[in-house]
Amino acid sequence: MSGSSVNLELREVTVRFAGLVALDGVSLSAPQGRVTGVIGPNGAGKTTLFNVVCGFVRPRSGEVRWRGRVLGRHRPHDLTRLGIARTLQGLGLFPGLTVLENVMVGADRQARAGFWSGLLALPRADRDEAALRERALARLAELGVAGEAARLPGQLPYGVQKRVALARALVAEPDLLLLDEPAAGLSAAEMDELAELIRGLRGGPAVVLVEHHMDLVMNVCDQVVVLDFGKVIASGTPAEVRDDPAVLDAYLGEEVAGA
Ligand SMILES: Nc1ncnc2c1ncn2[C@@H]1O[C@H](COP(=O)(O)OP(=O)(O)OP(=O)(O)O)[C@@H](O)[C@H]1O
């Protein structure tokens with residue numbers, strides 16, 4: 001990780017649910033401009049890790065540091081202000097809003113106020129709304145779906161909807177992008193396109209990718225952290241992790257999608 005500033009850092013994070021230790025002294029860092037994969041068998045603690053970063057779950061002990069400061073009391077609604085965006089396991093798109101409106105909703109709070117005022121046709125919001133619309137269209141164009149801006153999500157193939165969800169996460173220009181199983185439900189061809197899109201994010205935000213599809217992880221990640229029963233059992237480059245006996249052991253008996 002030398003040469004890049006570390007944006008997200010977990011230090012000895014432990015999360016307990018009743019008697020169950022979901023994360024057990026987990027430390028990891030996700031540098032800016034790089035893609036960090038978090039993998040592990042079912043129940044390993046991957047989603048819990050995202051939930052801690054997003055403020056849905058408070059750790060019993062340990063620290064989450066973001067841009068060098070401890071994130072102690074943040075809540076999910078603080079994320080945009082903090083420069084953090086997350087895509088959900090599902091799509092999370094609003095079915096009654098157009099693709100463009102869905103992406104505009106992902107922008108920062110100030111701009112969003114402009115968006116809602118814009119919907120109410122308040123003149124002072126016109127300029128904000130136009131700027132936001134332009135940014136949203138630019139993100140859609142980068143992801144190759146600007147032509148669908150006026151359509152409703154339900155009218156579009158799943159892979160296209162996924163791109164819209166990614167555009168929504170990117171419109172606020174986050175410094176940290178959390179991708180929660182983005183390949184779920186995609187065809188092989190759509191997954192190749194997704195890999196291309198994620199690789200295209202290199203050099204931008206810190207990207208943390210939780211994913212079951214090993215081939216995607218191995219293709220797009222600069223570094224991979226492997227969790228098993230809440231503990232980090234391996235970390236390193238995709239090649240280092242792939243050949244690690246502890247990782248092979250952890251996955252023994254697991255059906256690894258795409259492996
Ligand atoms: N809110 C909760 N209350 C109680 N136990 C929970 C809660 N959330 C997660 N767990 C448990 O914590 C452990 C880690 O779960 P988590 O969802 O983080 O794993 P995961 O690696 O994301 O799994 P998967 O790959 O199946 O999504 C599991 O044993 C799970 O049952």
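Structure first, text after, so check above.
Residues numbered from 1 in each chain as written. Predicted model: local features only at pLDDT ≥ 70, side-chain atom pairs only at ≥ 80, totals over all residues. Heavy atoms only, no water.

Some points on the environment of Glu173
Point 1. The topology assignment puts Glu173 in the loop between α6 (158-170) and β7 (176-180).
Point 2. The class for Glu173 is exposed, based on a relative accessible area of 51%.
Point 3. Between the alpha carbons of Glu173 and Thr80 there is a distance of 9.2 Å; along the sequence they are 93 residues apart.
Point 4. When near neighbours in sequence (up to four residues on either side) are disregarded, Glu173 contacts Arg135 and Arg139. (Helix = DSSP H or I, 4+ residues; strand = E, 2+ residues; numbered from the N terminus. Buried < 20%, exposed > 50% of the residue type's maximum accessible area, 1.4 Å probe, protein only. Contact = heavy atoms within 4.5 Å.)

Let's talk about the site of the ligand
Point 1. With respect to spatial proximity, the complete set of residues near the ligand consists of Phe17, Leu20, Ala22, Pro41, Asn42, Gly43, Ala44, Gly45, Lys46, Thr47, Thr48 and His212.
Point 2. In this structure, Ala44 approaches the ligand through a main-chain N or O atom, which is 3.1 Å from an oxygen atom.
Point 3. Protein contacts shield 59% of the accessible area of the ligand, which totals 630 Å² for the unbound molecule.
Point 4. Here the element with the most residues in the shell around the ligand is helix α1 (residues 46-54); it accounts for three residues. (Near = heavy atom within 4 Å. Polar contact = N/O pair within 3.5 Å; in protein donor to acceptor, adjacent residues only side chain to side chain. Areas by Shrake-Rupley, 256 points an atom, 1.4 Å probe, with all protein chains shown as cover.)

Observations regarding the sheet that holds strand β6 (residues 84-87)
Hydrogen bonds between backbone groups are what pair the strands of a sheet, and the pairing can be parallel or antiparallel.
Point 1. Within the open sheet, the six strands sit side by side as β6-β7-β8-β3-β9-β10. Their pairing is mixed. Among the strands making up the open sheet, the edge pair consists of β6 and β10 (231-236). The sheet shows a mean angle of 15° between the axes of neighbouring strands, taken without regard to direction.
Point 2. Bridge count for strand β3 (residues 35-39) against strand β9 (residues 223-228) is four bridges, and the pairing is parallel. Within β9, the residue paired with Gly37 across the bridge is Val224.
Point 3. Packing of α1 onto the sheet brings it into contact with β3, β6, β7, β8 (206-210) and β9, and relative to β7 it is tilted by some 150°. (Pairing = 2+ DSSP bridges. Axes fitted to C-alpha atoms, helices over the stretch in contact; angles between N-to-C directions.)

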